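Observations on the model geometry
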Amino acid sequence: MFLIHNSHEQANLLASALVQVHRVEGHWYTSFQQDLAHTLFLKLLDAEIDFSGHPGIEVETLAETLTQASERQELLELLIAFEMLCNPIPETLSRDIDHWANALNINSEILNLARELAHNAITQATTDFYRCNWIGEGDDQSDPVFQDLLKKYGDHAYGVCVTADPDEFARWDNLKNCSQGSLGRSLWEFYQSRGFKLPGELGAGNAALAHHDWIHLIAGYDTTPIGELEVTAFMASSSRSEGATLGFIGAISILETGLLHSFYGADKFGRALSADDGIERIAQAINRGKACNVDPLIDLDYFKYADTPLTNIQKAWWS
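Residues numbered from 1 in each chain as written. Predicted model: local features only at pLDDT ≥ 70, side-chain atom pairs only at ≥ 80, totals over all residues. Heavy atoms only, no water.

Take the pattern of salt bridges next. Inspection of the entire model under this criterion finds 14 salt bridges. Among the ionic pairs, arginine 115 bridges to glutamate 83, the shortest N-O distance being 2.9 Å. Of this pair, arginine 115 sits in helix 6 (residues 109–118) while glutamate 83 is found in helix 4 (residues 69–83), placing the two residues 32 residues apart along the sequence. A single burial state applies to arginine 115 and to glutamate 83, both of which are buried. As a salt-bridge pair, glutamate 256 and arginine 271 come within 3.4 Å of each other at their nearest N and O atoms. Taken together, the residues span a long stretch of sequence, with glutamate 256 in the loop between helix 15 (242–255) and helix 16 (278–291) and arginine 271 in the loop between helix 15 and helix 16 at a distance of 15 residues. By sharing partners, the salt bridges in this structure join Glu83, Asp98 and Arg115 into a single network. (Salt bridge = Lys/Arg side-chain N within 4 Å of Asp/Glu carboxyl O. Helix = DSSP H or I, 4+ residues; strand = E, 2+ residues; numbered from the N terminus. Buried < 20%, exposed > 50% of the residue type's maximum accessible area, 1.4 Å probe, protein only.)

The subject of this paragraph is the packing of aromatic side chains. Under the definition given, this model contains 15 aromatic pairs. Where tryptophan 172 meets phenylalanine 303, the ring centres are 5.0 Å apart and the plane angle is 85 degrees; that geometry is what we call edge-to-face. Placement of the pair is tryptophan 172 in helix 11 (residues 166–173) and phenylalanine 303 in the loop between helix 16 and helix 17 (310–317), with a sequence separation of 131 residues. Judged by relative accessible area, which is 22%, phenylalanine 303 ranks as partly exposed. With 5.3 Å between their ring centres and 75 degrees between their planes, tryptophan 214 and phenylalanine 303 make a pair best called edge-to-face. With a gap of 89 residues between them, tryptophan 214 in helix 13 (residues 207–219) and phenylalanine 303 in the loop between helix 16 and helix 17 connect regions that are remote in the sequence. Judged by relative accessible area, which is 1%, tryptophan 214 ranks as buried. The rings of Trp172, Phe190, Tyr191, Phe196, Trp214, Tyr302 and Phe303 are connected pair by pair, giving a single aromatic cluster. Residue placement shows arginine 194 over the ring face of phenylalanine 190; its charged tip is 3.9 Å from the ring centre. Over the ring of tryptophan 318 we find arginine 288; its NZ or CZ atom is 4.3 Å from the centre of that ring. (Phe/Tyr/Trp six-rings, centres within 6.5 Å; stacked < 30°, edge-to-face > 60°. Lys NZ or Arg CZ within 6 Å of the ring centre and 35° of its normal.)

Structure (structure tokens):
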């Protein structure tokens, strides 16, 4: 979960770690990093920090205070999220983050993805991104049929209906028969209003990908580039799924800097986070995820609640 276990009391310590890694000789790798850092710390940790002059800290010193594995993990994720704002990723930055990961005794698929992107191993990074994030977690990767689809169609099989499935289509299309204002009927209308194919149709997003569309609907996030960043930020801070944070950080690399390429065509978009009010919206999405009463990726079979009024679901999430 993204920035869940770190507190206001640790804000200065975390800020020192961030500037130690990303501000070299008084200069950030990108000017946008400083703006993002200021807003995130203000909105998420209620800490007003001057990131132009805040002192850094050596990882060995920080490790004496930040002892919990969950806190260290979330610090490393923060460092990598800021790494994704660089294109290309400087070699010195990669080495520094690897040093911090080793010193904190933390390893993760997120770190592996960052190294692949730093070495321009885009094909491998794309595979690992979809295999390990919340989309891949939603696929039955042990299923021989799924493995055959991967061999035949490649990474698209993780999130796209590469073959038609009439039964799956009927399951989603039947949502139109739910009552007006219900969760199910609202999702069906969500698809219709955007001209999206339903899961089961050839070329549509598959059920693993479509799982997050329920969250788009309930949390009220659009399917624009910034909307996709919002929903992945929300999932990263509300879900216990290890793939949720990877999904958010990968989405930054797709929709902000174009480091990672998406087979959904999203890589044609750029600067989704740094444009307009993107930083404020992402900070708000993370806070809403922290306040959510359920794990939206793990806890719910949304079809069981298809006939429940959408407003009731929303009230339950933030009651």
